[in-house]
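Each chain, letter by letter, is given below.
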Amino acid sequence: MSASIIDGKAIAARIHAELRQRSASFFQAHGRSPGLAVVLVGDDPASTVYVKKKRDACAAVGIRSFSTSLPATCPPQELLEQIARLNEDNAVDGILIQLPLPPQFDTEQIIEAISVTKDVDGFHPYNIGRLALRAPLLRSCTPAGIMTLLAETGISPKGMEAVIVGASNIVGRPMALELLLAGATVTVCHRFTQDLEAHVRRAQLLVAAVGKPGLIRGEWIRPGAVVIDVGINRLPDGRLSGDVDFAGASARAAWITPVPGGVGPLTVATLLSNTLDAAERRVGAAHV
């Protein structure tokens with residue numbers, strides 16, 4: 001068996017085309033473009049690259065981006081005041097705080113300061129709670145992007161044995177809620193899990209989101225499984241690697257995402273879609 005590749009770039013390109021049309025319609029109806037404020041604290045090289053990609057993606061689909069850069073040494077109150085201003089700014093429909101933040105910040109406090117109607121990352125407890133109650137509004141970008149990948153590939157998680165490796169607030173926990181909502185039977189593995197291999201071998205659908213290159217060995221993959229690799233790790237030689245042994249897993253899986261080019265493009269596409277959703281809700285024209 002040789003796994004079929006789930007091409008996230010191609011799927012994201014189709015979504016971007018739809019978003020360009022929605023942005024143009026919004027502009028014609030309301031005289032302005034949807035707005036996304038991106039706040040970067042510090043000058044971490046990886047975060048700087050990610051922020052640029054998000055700004056470029058906004059420009060490509062007709063979303064206006066507002067940029068704020070604060071020094072790594074700024075006090076938390078300064079960031080909270082900036083968020084308060086953005087919450088009140090009617091030109092801003094979505095607010096993104098690039099993570100991780102410098103150590104003096106309480107990340108949860110910062111996330112909770114964002115208006116729930118502008119929480120386009122989908123990290124606010126209110127939006128996570130809506131997902132848990134099966135009534136989602138703004139959904140966490142990477143898990144929602146993965147659900148789009150599956151749907152666009154014709155894969156239904158309903159009734160599947162799904163295993164998530166990693167229990168972060170950004171991916172693992174909301175991913176479990178997304179898959180529960182879709183009708184999967186879900187197991188979440190974490191650092192206290194005993195016999196990770198046994199859980200992975202059982203998975204019809206595997207989502208790996210830990211940030212440890214090659215943690216999931218190819219021979220663990222159940223034949224015919226769907227493998228979604230969220231990990232993106234820089235190796236000493238400069239190459240990027242996922243959390244899954246791609247070559248070994250590809251020999252056993254039915255479907256697999258590459259790294260890069262799999263989940264990443266859908267994370268950004270979902271951020272843009274969330275921004276449009278937020279803009280349309282704010283003006284009372286929710287997209288159907």
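Residues numbered from 1 in each chain as written. Predicted model: local features only at pLDDT ≥ 70, side-chain atom pairs only at ≥ 80, totals over all residues. Heavy atoms only, no water.

An unreviewed UniProt entry annotates the chain as Bifunctional protein FolD originating from Acidithiobacillus sulfuriphilus. If you open the UniProt record of the chain and go to Sequence similarities (unreviewed entry), you find "Belongs to the tetrahydrofolate dehydrogenase/cyclohydrolase family." Looking at the chain in UniProt, the text filed under Subunit (unreviewed entry) is "Homodimer." (UniProt positions renumbered as here; feature names shortened; annotations may be inferred.)

1. Quick notes on the overall build of the chain
Within the chain one finds 10 helices and 11 strands. The C-alpha atoms of the chain give a radius of gyration of 19 Å, which matches the 19 Å a tight globule of 288 residues would have. On the principal axes, the C-alpha backbone points of the chain span a range of 55 × 40 × 35 Å. Summing over all exposed atoms, the chain offers an accessible surface of approximately 13,200 Å²; the carbon and sulfur share of this is 54%. The averaged location of the 27 negative side-chain charges in the chain is 4 Å from the averaged location of its 28 positive side-chain charges. (Helix = DSSP H or I, 4+ residues; strand = E, 2+ residues; numbered from the N terminus. Rg over C-alpha atoms; globule rule 2.2 N^0.38 Å. Areas by Shrake-Rupley, 256 points an atom, 1.4 Å probe, with all protein chains shown as cover. Lys, Arg positive; Asp, Glu negative; His and termini not counted. Charge placed at Lys NZ, Arg CZ, Asp CG, Glu CD.)

2. Here we look at the domain arrangement of the chain
Assigned domains within the chain: domain 1 (31–118) and domain 2 (141–264). Centre-to-centre separation of domain 1 and domain 2, based on C-alpha positions: 28 Å. (Domains from an automatic or database assignment.)

3. Examining the UniProt feature "domain: Tetrahydrofolate dehydrogenase/cyclohydrolase NAD(P)-binding" (unreviewed entry) in the chain
The residues that UniProt annotates with the feature "domain: Tetrahydrofolate dehydrogenase/cyclohydrolase NAD(P)-binding" (unreviewed entry) are residues 140–282. As a span, residues 140–282 carries 38% helix and 17% strand, and end to end its C-alpha atoms are 19 Å apart.

4. Structural notes on the UniProt feature "domain: Tetrahydrofolate dehydrogenase/cyclohydrolase catalytic" (unreviewed entry) in the chain
In this numbering, the UniProt entry assigns the feature "domain: Tetrahydrofolate dehydrogenase/cyclohydrolase catalytic" (unreviewed entry) to residues 6–121. Helix makes up 52% of residues 6–121 and strand 16%, with an end-to-end C-alpha separation of 23 Å.

5. Points about the environment of Val171
Within the secondary structure layout, Val171 lies in the loop between β5 (161–165) and α7 (172–181). Here Val171 falls in the buried class, since its relative accessible area comes to 8%. Counting along the chain gives 36 residues from Val171 to Val207, while the straight-line C-alpha distance between them is 9.6 Å. If sequence neighbours within four positions are ignored, Val171 has contacts with Thr142, Pro143, Ala209 and Val230. (Buried < 20%, exposed > 50% of the residue type's maximum accessible area, 1.4 Å probe, protein only. Contact = heavy atoms within 4.5 Å.)

6. Thoughts on the side chain of Ser250
Checked against the element boundaries, Ser250 lands in helix α9 (residues 246–250). Separated by 2.7 Å, the side chain of Ser250 and the backbone oxygen of Phe246 make a polar contact. (Polar contact = N/O pair within 3.5 Å; in protein donor to acceptor, adjacent residues only side chain to side chain.)

7. Let's talk about helix α6 (residues 141–153)
The end-to-end C-alpha distance of α6, which contains 13 residues, comes to 18 Å, matching closely the 18 Å that a straight helix rising 1.5 Å per residue would cover. Among all positions in α6, only Cys141, Thr142, Pro143, Ala144, Gly145, Ile146, Met147, Leu149, Leu150 and Thr153 are buried. Buried residues along α6 sit against α1 (8–30), α7, β7 (205–208), β8 (226–229), β11 (255–256) and α10 (263–282). After α6 finishes, the residue Gly154 shows a positive phi value of roughly 80 degrees. (Expected span 1.5 Å × (residues − 1).)

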